[in-house]
Amino acid sequence: MANDVTRSTHAHLKAMRLAWPQLVATKRGDGLVVWQGPIRPRGMVYGVRIFWWPGMIDGPYVIVADPDIQPREGLKHADIPHLMFNPEDPTLSGLCLFDPAGKEWSPADLIADTTIPWASEWLHYYELWHMTGEWLAPGVGPESVASLTRSEAQAIEEAVAHVH
């Protein structure tokens, strides 16, 4: 699909229902869609939340809701690799799933085909990091991850506060 085409909310909802039926969608009046449910990369089952707005260029925002992601013993949440760290509430930190500068995700991509497999892969490497102390996945350093705009961050904070 051409990179200038934006997938509709309906296309995302349908693809997610088919590929990941355990992830339940809630659509807010402002267009925000939040999928919530379990994924199992390898060892554990994780409850995740995926936040997406139609036309979102930076890509969906994924947090691990249950269990909260934790640093290795002796480290802080800020030390967790490839995390879009939220210093106000580390449990709301997003997973760094791709390099925005590398244009690995576009609004033409389906979240079901990209974001969920990437989140599962991230969690697999997170489990390995806890075992080995090394982040074994390829990728760019956390310093190159584009941060959300303030308005997107505020919308996520508001949405997270209203999701049960």
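Structure: above.
Numbering of residues begins from 1 in every chain and follows the order in which that chain's sequence is written. At least 70 in pLDDT is required for a residue's local features to be given in this predicted model, at least 80 for side-chain atom pairs to be given and counted, and no such filter applies to totals for whole chains, interfaces and linings, which use all residues. Neither water nor hydrogens contribute to the side-chain values; these are computed over all heavy atoms in the structure.

Draft legend 1. How the structure looks around the pattern of salt bridges. A side-chain nitrogen of Lys or Arg and a carboxyl oxygen of Asp or Glu constitute a salt bridge if their distance falls within 4 Å. Inspection of every chain in the model, using the stated rule, returns one salt bridge. Of the charged contacts, one joins R28 and D30 as a salt bridge, the two residues approaching to 2.4 Å between their closest N and O atoms. By relative accessible area, which is 46% here, D30 ends up partly exposed. Here the term buried applies to any residue with accessible area under 20% of the maximum for its type, exposed to any over 50%, and partly exposed to those in between, with areas from a 1.4 Å probe on protein chains only.

Draft legend 2. Seen up close, helix 2 (residues 115-132). Per the convention used, a helix needs a DSSP run of H or I reaching at least four residues, while a strand needs a run of E reaching at least two, with both numbered from the N terminus. Multiply 1.5 Å by the residue count of a helix minus one, and that product is the helix's expected span. For helix 2, built from 18 residues, the straight-helix expectation of 26 Å at 1.5 Å per residue is met to within 8% by its first-to-last C-alpha distance of 25 Å. Among all positions of helix 2, only T115, I116, A119, S120, W122, L123, H124, Y125, Y126, E127, L128 and W129 are buried. Any pair of residues with heavy atoms lying within 4.5 Å of one another is described as a contacting pair. Tucked inside the fold, the buried residues of helix 2 contact helix 1 (9-19), strand 2 (33-39), strand 3 (46-52), strand 4 (61-66), strand 5 (83-84) and strand 6 (94-95). Backbone geometry just downstream of helix 2 places G133 in the positive-phi region, at approximately 85°.

Draft legend 3. Local environment of helix 1. All buried positions along helix 1 are accounted for by T9, H12, L13, A15 and M16. Residues of helix 1 that are buried make contact with strand 1 (24-27), strand 2, strand 3 and helix 2.

Draft legend 4. Just the sheet that holds strand 3, in detail. Ordered by their spatial adjacency, four strands build an open sheet running 1-2-3-4, and the pairing between neighbours is antiparallel. Sheet topology places strand 1 and strand 4 at the edges, where each strand pairs with a single neighbour. Each neighbouring strand pair of the sheet contributes to a mean axis angle of 20°, computed without reference to strand direction. Strand pairing is assigned whenever DSSP detects at least two bridges linking the two strands. As paired elements, strand 2 and strand 3 share seven bridges and run antiparallel to each other. Following the sheet pairing, W35 is matched in strand 3 by I50. Axis definition: a line fitted to C-alpha atoms, over the contacting stretch in the case of helices. Angles run 0 to 180 degrees between N-to-C directions. This element, helix 1, spans strand 1, strand 2 and strand 3 of the sheet and lies at about 15° to strand 2. Against the sheet, helix 2 makes contact with strand 2, strand 3 and strand 4, and its axis sits at roughly 140° relative to strand 3, the strand it touches most.

Draft legend 5. Quick look at the side chain of T9. Among the structural elements, T9 can be located in helix 1. Those residues within four positions of T9 in sequence are excluded, and the remaining contacts are K27, V33, W52 and P54.

Draft legend 6. Looking closely at the packing of aromatic side chains. Two rings belonging to Phe, Tyr or Trp (six-membered ring only in the last case) form a pair when the distance between their centres is within 6.5 Å. Interplanar angles under 30 degrees mark stacking, angles over 60 mark edge-to-face geometry, and anything in between is tilted. A complete count under the given rule lists six aromatic pairs for this structure. Ring geometry for F98 versus W118: centroids 5.6 Å apart, planes at 45°, classification tilted. Of this pair, F98 sits in the loop between strand 6 and helix 2 while W118 sits in helix 2, and the two are 20 residues apart along the sequence. Of the residues examined, F98 reaches a relative accessible area of 12% and is grouped as buried. With a relative accessible area of 22%, W118 lands in the partly exposed category. Judged by centre distance (5.3 Å) and plane angle (55°), the ring pair of W122 and W135 falls under tilted. In this pair, W122 sits in helix 2 while W135 sits in the loop between helix 2 and helix 3 (150-162), placing the two residues 13 residues apart along the sequence. Of the two residues, W122 and W135, both sit in the buried class. Each member of the aromatic cluster is reached from another via a ring pair, and the members are Y46, W122, Y125, Y126, W129 and W135.

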